[in-house]
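Per-entry structural report
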Amino acid sequence: MSKWTLFFVLAGLSFGLTSRALAGSEQYGKRLAGLRAEVDDLESHLERLRSAARSERLSLETQKGDLEVLLRKEQVRRETVKRLRAKQLAERRKAESWSARLMRPALDAAMRLRNLVLQTLPFKRAERLAAVDEIVAGLKSPRADPALALSRLWQIVEDEIKLTAESGLHRQVIVLGGERLLVEVARLGMGALYFRTEDGRAGWAVQDANAEYSFRIITNKEKIEAIESLIDALRKQIRKGYFLLPLPRISTKEVAE
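All of the points below concern the structure found in this document. (Residues numbered from 1 in each chain as written. Predicted model: local features only at pLDDT ≥ 70, side-chain atom pairs only at ≥ 80, totals over all residues. Heavy atoms only, no water.)

The next thing to look at is the pairing of strand 5 (residues 213-217). In the sheet, strand 4 (residues 202-207) pairs with strand 5 via 5 bridges, with the strands oriented antiparallel. Its bridge partner lying in strand 5, Trp204 is registered against Arg216. Linking strand 4 to strand 5, which pair antiparallel, is a turn of 5 residues; within it Ala211 sits at a positive phi near 65 degrees. (Pairing = 2+ DSSP bridges. Helix = DSSP H or I, 4+ residues; strand = E, 2+ residues; numbered from the N terminus.)

This paragraph deals with the layout of surface pockets. By volume, the largest pocket is sized at about 270 Å³. Taken together, the elements giving at least two residues each to the lining of the largest pocket come down to helix 2 (125-139), strand 1 (167-176) and strand 5. (1 Å grid on protein atoms, 1.4 Å probe; cavity = no way out; pocket = protein on both sides within 12 Å on 5 of 7 lines; lining within 4 Å. Points joined across faces, edges and corners; volume = space filled by probe spheres on them.)

Across all of its chains, the model carries 13 salt bridges by this definition. Across the pair Glu160 and Arg128 runs a salt bridge whose closest N-O atoms are separated by 2.8 Å. Of this pair, Glu160 sits in helix 3 (residues 146-165) while Arg128 sits in helix 2; the two residues are 32 residues apart in sequence, bridging distant segments of the chain. For the pair shown, Glu160 and Arg128 are each scored as buried. Salt bridges linked by common partners bring Glu184, Arg196, Asp232 and Arg235 together as one network. (Salt bridge = Lys/Arg side-chain N within 4 Å of Asp/Glu carboxyl O. Buried < 20%, exposed > 50% of the residue type's maximum accessible area, 1.4 Å probe, protein only.)

End to end, helix 3 covers 29 Å across 20 residues, agreeing with the expected 28 Å (1.5 Å per residue, within 8%). Listed as buried for helix 3 are Pro146, Ala149, Leu153, Ile156, Glu160 and Leu163. Along helix 3, the residues classed as buried sweep out an arc of 85 degrees about the axis, all on the same side. Turned more than 90 degrees from where helix 3 packs its buried face, Trp154 and Ala165 sit exposed. (Expected span 1.5 Å × (residues − 1). Arc of directions from axis to C-beta.)

Written out as C-alpha cells, the structure is:
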C-alpha cells in the first residue's frame, strides 16, 4: 500500500470516527437537555408542594390558635358552670331546709283557715273549703312547696276579708229540709245570709247553740216581705238606702215566728 493510500484510509477512518463522535455528542446534549427540563419541572413541582405545605402549615397553626382560644373559653365556661352549679346546690339545700321548717306552720295555717270557713256563713262553703283542701293536699304531697302554699293561703284570706266588706246577690245550692235546692241568696257581708226559693219561699241561714249553720224557712209575713225587698234591691244594683231586716238569733224558735 502506497503512502497516499494509507493517508486517505487513515483520513477516512478519522473522519468517520469524528462524525460518529459528533453524532453521539449531539444525542448526549439532547438527552442532557431533556434531563435538565425534567429537573426544572421537578423543581417547580417541588416548589409548589413546598408552597402548599407552607400554606397548610400556616392554616393549621391558625386553626390551632383558634382551638386554643376556644379551649380557654370552654375552660372558663366550665369553671363558671361549676361555680353556678355549686351555688345552686347550696341554695337548693338552703331552700329545702327552709321549706321543711315552713311545712308545719303552713299546715297549721291551712287547717285554721279551714276551721274558720266552717264557722262562718255557709255562703258557697263547698267551693271555699275545696280551695283550702287543695292546698292541704298539696302540702301532704311529695312535691310540697310550703312557700307557695302560704302565698295561696294568703290569697284565700284576702278573699275571705273581701267577703266581709261586700254584699251581693248570688245563686247557690243549699240543703233545705234534707233536699238540695238551687236558690237565690242575698249576702250582707259575712253577717247575714238570706235566700228565696223558686217557689217563693224565703228564709235565712241560722246558727244553733253548737255554732253550726243551717238554712231555715221563715213563715212570718213581714220578715218575708223584708227579705224579698232586699233581694229586689240587690237585683236592681241598689246598694244604698234604708232596709228593715230580720236578724237571726241562736235559737230555733225565732225562725217559726
